[in-house]
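Results of the structural survey
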Amino acid sequence: SINNSIPGFGVPTGIKTINYSDTGYNVKMVGLKTGFSEGAVERVGLTIPSPYSNIHFHDVIELSIKSQHGDSGSPVFNDALKIIGIIVGGTDRSAYVIPINQILDRFNCILLN
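A brief look at the structure comes next. (Residues numbered from 1 in each chain as written. Predicted model: local features only at pLDDT ≥ 70, side-chain atom pairs only at ≥ 80, totals over all residues. Heavy atoms only, no water.)

Topic: the overall build of the protein chain
Broken down by element type, the protein chain carries one helix and seven strands. For the protein chain, the α and β elements follow one another from N to C terminus as β-β-β-β-β-β-β-α. Against the globule reference of 13 Å for 113 residues, the protein chain gives a C-alpha radius of gyration of 13 Å, in line with a compact fold. The C-alpha extent of the protein chain, read off along each of the three principal axes, is 35 × 30 × 30 Å. (Helix = DSSP H or I, 4+ residues; strand = E, 2+ residues; numbered from the N terminus. Rg over C-alpha atoms; globule rule 2.2 N^0.38 Å.)

Some thoughts on unusual backbone geometry
Positive phi outside glycine occurs at Asp59, with the angle close to 55 degrees. Mapping Asp59 onto the fold places it in strand β4 (residues 56-63). A residue is classified by how much of its surface remains accessible, and Asp59, at 41% relative accessible area, is partly exposed. Phi is positive for Leu81, close to 60 degrees, though the residue is something other than glycine. Looking at the element boundaries, Leu81 is found in the loop between β5 (75-77) and β6 (82-90). Taking relative accessible area as the criterion, Leu81 reaches 13% and is therefore assigned buried. (Buried < 20%, exposed > 50% of the residue type's maximum accessible area, 1.4 Å probe, protein only.)

Details of the pairing of strand β2 (residues 26-31)
Summarising burial for β2: five of the six residues are buried, a large majority. Two strands pair when backbone bridges link them, and β2 and strand β3 (residues 35-49) are joined in this way by six bridges, in the antiparallel orientation. Within β3, the residue paired with Lys28 across the bridge is Glu38. Counting the residues that bridge the hairpin from β2 to β3 gives three residues. The pairing of β2 with β5 spans two bridges and is antiparallel. By the bridge assignment, Lys28 is partnered in β5 with Phe77. (Pairing = 2+ DSSP bridges.)

Digging into the nonpolar core
In a soluble, globular protein the nonpolar side chains are often hidden away together inside. Counting 13 residues, the largest nonpolar core has Val27, Val41, Ile61, Leu63 and Val76 as its most contacted members. When residues of this core are traced back to their parent elements, those giving at least two are β2, β3, β4, β6 and β7 (95-99). Once residues within four sequence positions are removed from consideration, Val27 is found in contact with Ser37, Glu38, Gly39, Ala40, Val41, Leu63, Ile65, Val76, Phe77 and Ile84. Of all hydrophobic cores here, the second largest spans seven residues; its members include Ile6, Phe77, Ile100 and Leu104. (Core = buried A, V, L, I, M, F, W, Y, C linked by side-chain atoms within 4.5 Å. Contact = heavy atoms within 4.5 Å.)

Let's talk about the pattern of salt bridges
Applying the stated criterion to the full structure yields six salt bridges. Close ionic contact of Lys28 with Glu38 constitutes a salt bridge, the shortest N to O distance being 2.9 Å. Pair noted here: Lys28 is in strand β2 and Glu38 is in strand β3, with a separation of ten residues, a long-range link. Looking at Glu38, the relative accessible area reads 51%, which means it is exposed. Residues Arg43 and Glu62 are paired through a salt bridge, measuring 2.6 Å at the closest nitrogen-oxygen approach. (Salt bridge = Lys/Arg side-chain N within 4 Å of Asp/Glu carboxyl O.)

The following block contains the structure:
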């Protein structure tokens, strides 16, 4: 089923923008493959390659959360259930996140109260 709830946590309460000064900020993820994970922001503003030739993701956030193939699209959030972004890739030691504000801007979306 599709709804606006984070499985096991509830409905998001808004968004949280991550800045360069947020290294060490605690985050959570609920991935399809990995399940629930907790970690912290490691680096901000990375450029990483996508699976497609000559296409890169910019301003990516790196987390100290393991991410498996199949976790892409999973929400990343804080204790207050504010969405930070979605998983776009990872390794056996890191997850890569596109910030939610970039996604909203790209699709010309606004949050309604």
